[in-house]
Structure formats: C-alpha cells, structure tokens
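Listed below, chain by chain, are the residues.
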Amino acid sequence: MVPRFFVLKDEYRGVHDAEFGRIDDDDNVGEAARCPRCGDFISMLPWLPPYRVTLDLYGQELGDFMRGVGNSLVSERFAEAFRSEGLRRLQGFHPVEVRRVRRQRRGPKPSIVPGYFLVTPVFGSAAVDEARSCIRRSSPITCNWCRETGVDSIHGVVLEQGSWNGDDIFTARGLPGSIVVSKRFADFVARHGFTNMKLTPTEEYTWDPLRRGPPPSTPGGQA
Ligand SMILES: [Zn+2]
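Nothing here was measured: the structure is a model prediction, and the numbers come from that model.

1. Looking at the overall build of the protein chain
A tally of helices and strands in the protein chain yields two helices and 14 strands. Relative to its length of 223 residues, the protein chain is compact, with a C-alpha radius of gyration of 18 Å against a globular reference of 17 Å. Counting only C-alpha atoms, the protein chain reaches 50 × 35 × 35 Å along its principal axes. Here the protein chain, with 223 residues, has 32% of them falling under the buried criterion.

2. Structural notes on the sheet that holds strand β14 (residues 206–207)
Pairing within the open sheet is antiparallel, and its three strands lie in the order β9-β10-β14. Either end of the sheet is taken by a strand with one partner, and the two such strands are β9 (135–137) and β14. Two elements, strand β10 (residues 151–155) and β14, share two bridges in a ladder whose sense is antiparallel. Each bridged residue has a counterpart across the sheet, and for Ile154 the counterpart in β14 is Trp207.

3. Structural notes on the sheet that holds strand β6 (residues 91–103)
Reading across from one edge, β2-β3-β6-β7-β5-β4 is the order of the six strands in this open sheet, with mixed pairing throughout. The strands lining the two open edges of the sheet, one partner per strand, are β2 (18–22) and β4 (65–67). Ignoring strand direction, the axes of neighbouring strands in this sheet form an average angle of 35 degrees. Bridge analysis of strand β3 (residues 52–57) against β6 gives six bridges, and the strand direction is parallel. Paired with Leu55 across the bridge in β6 is Val101. Where helix α1 (residues 76–84) meets the sheet, it contacts β4, β5 (72–75), β6 and β7 (116–120), and its direction lies at approximately 85 degrees from that of β5.

4. Side note on the nonpolar core
Soluble globular proteins: nonpolar side chains tend toward being buried together. Grouped together as the largest cluster of nonpolar side chains are 42 residues, with contacts concentrated most on Leu73, Val74, Val96, Phe117, Ala172, Val180 and Val181. Excluding residues within four positions of it along the chain, Val180 makes contact with Phe5, Val7, Phe170, Thr171, Ala172, Leu175 and Thr202.

5. A word on the pairing of β3
The side chains of a regular strand alternate between both faces of the sheet. Only one face of β3 is buried: it carries Val53, Leu55 and Leu57, and the other face, with Arg52, Thr54 and Asp56, is open. Sheet topology places β2 next to β3; five bridges connect them, and they run antiparallel. Within the sheet, the bridge partner assigned to Ala18 lies in β3 and is Leu57.

6. Here we look at unusual backbone geometry
The peptide bond linking Pro49 to Pro50 adopts the cis configuration, its omega dihedral lying at 5 degrees. Its location among the elements puts Pro50 in the loop between β2 and β3. Unusually for a residue other than glycine, Arg147 sits at a positive phi of about 55 degrees. Mapped onto the secondary structure, Arg147 falls in the loop between β9 and β10. Phi at Asn196 takes a positive value of approximately 65 degrees, unusual for a residue other than glycine.

7. What about the pairing of β7?
Buried residues dominate β7, accounting for five of its five residues. Neither face of β7 is open: one carries Tyr116, Leu118 and Thr120, the other Phe117 and Val119, and all of them are buried. Of the pairings in the sheet, the one linking β5 to β7 comprises four bridges and is antiparallel in character. Counterpart to Ser72 in the pairing with β7 is Val119. Where β6 lies against β7, five bridges are found, and the strand directions are antiparallel.

8. Overview of the environment of Glu76
The residue Glu76 is located in helix α1 in this model. Placed 19 residues apart in sequence, Glu76 and Pro95 show a C-alpha to C-alpha distance of 8.9 Å. Beyond its immediate chain neighbours, meaning those up to four positions away, Glu76 contacts Pro114, Gly115 and Phe117.

Thresholds, definitions, all that
- Residues numbered from 1 in each chain as written.
- Predicted model: local features only at pLDDT ≥ 70, side-chain atom pairs only at ≥ 80, totals over all residues.
- Helix = DSSP H or I, 4+ residues; strand = E, 2+ residues; numbered from the N terminus.
- Rg over C-alpha atoms; globule rule 2.2 N^0.38 Å.
- Buried ≥ 20, exposed ≤ 12 C-beta atoms within 10 Å, placed from the backbone.
- Pairing = 2+ DSSP bridges.
- Axes fitted to C-alpha atoms, helices over the stretch in contact; angles between N-to-C directions.
- Contact = placed C-beta atoms within 7 Å.
- Core = buried A, V, L, I, M, F, W, Y, C linked by C-beta atoms within 7 Å.

Okay, structure coming up:
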C-alpha cells in the first residue's frame, strides 16, 4: 500500500489559537545547515539557549502545539507520548521558559499553561514527486538533493515513492516551510486528542496566499 502523508498546521482561529515569540538578543543563533551536495542553506539559523518565550493567546486555552518559523512548541503531554510510543524524529525537546502569556481577545486567563518544549522537524526524510505535485516555484530546482526553491503556491503534493525513510514528522525535500507527517503520526494525534494540530492529506493541501494558482505546466494551471 502507498503510504499516506499529511501537512501539519495549527488551527488558525481555533479554540487553541496561539503564537509564541522569542525573547532573546539577535546573536543568539547558531549556524544554518547546508545541503551536502550544493552547499545551499537548508535550514533557518538555529535558535540557541536560553529558550525564553512570550505566548499570545488568540483562542480560549493553550493547546498542545504552536507552530513557529523553523521551530515549534509542543506540550509536555505531547512530548512524553511521542517518546514513549517511539515515534520517529523531532530534534530538540528543549524545555522553554514561558515568561508571559498575553491574551489577545477578551476572556478569562487560560486555566492551564502547559510546560512546553522546543522541537525542530528533521529535513530530508522524503522528497516531493515534482511531476505528480502542483507546486508553483519562483525558480527552477537546480539541486536534486535539497531541491531548495522559493514556493509561490501549493495545490497538492505527492511524495516520491521509495524516497521516504520512515520518519513520522519531517520537512520534505522540495517543500520548504511545511511540516509533513506520517499516517502513524496522524493516528497518534487522533488517539490522544492533541489540540491545535490540523492535518490535511498532502494531496489536498493548498497554500496560495497571493492567488497565483497552480503552476502553468499542470492540468488546470495557466501560464
Ligand atoms: Zn542542494
């Protein structure tokens, strides 16, 4: 059977809608990772400790997941279950110190502030099947390993058969900025009822903030 994959996002405008902001000075970052083949950057500048954050709560309560750029936060409950059930690959699990919770809409203070951990999905556990996906790229792919390009729109993604190494959560080669998860991960989220995690099958995933449409070379796409 062909494995199924999902794009993981947070529930925008949901009950657990929240964002985190870093409290640090600008030098508090390490070296970005580079592609072993072409040398291009394949990660953001990694954030170094101390990990101190403010939380902005837009929903009602704080949930199990907060997605950031490069890094995300997961709750203690999520972290424990992820480890004890042996799901594969998230880097970090650094405890973060929550300095302040700001409520951005009217309502009572959140009843619980969970312990949070900073995690980073690994890069490269699978590659995008370019011919079967609808991704509008701002420049052509020049390196077949990292496949780093700017992405203008996404109208469905298929991963290359045989390219997946079995990781349950990762960033795919050719799909920068999106977190992809396995069917096993999706089942894990449903079984535990983890909050603020929205899963869309990769084939149905669309992202097109500027309404550029699908790439011109695909059925339905316009040049
Ligand atoms: Zn490369």
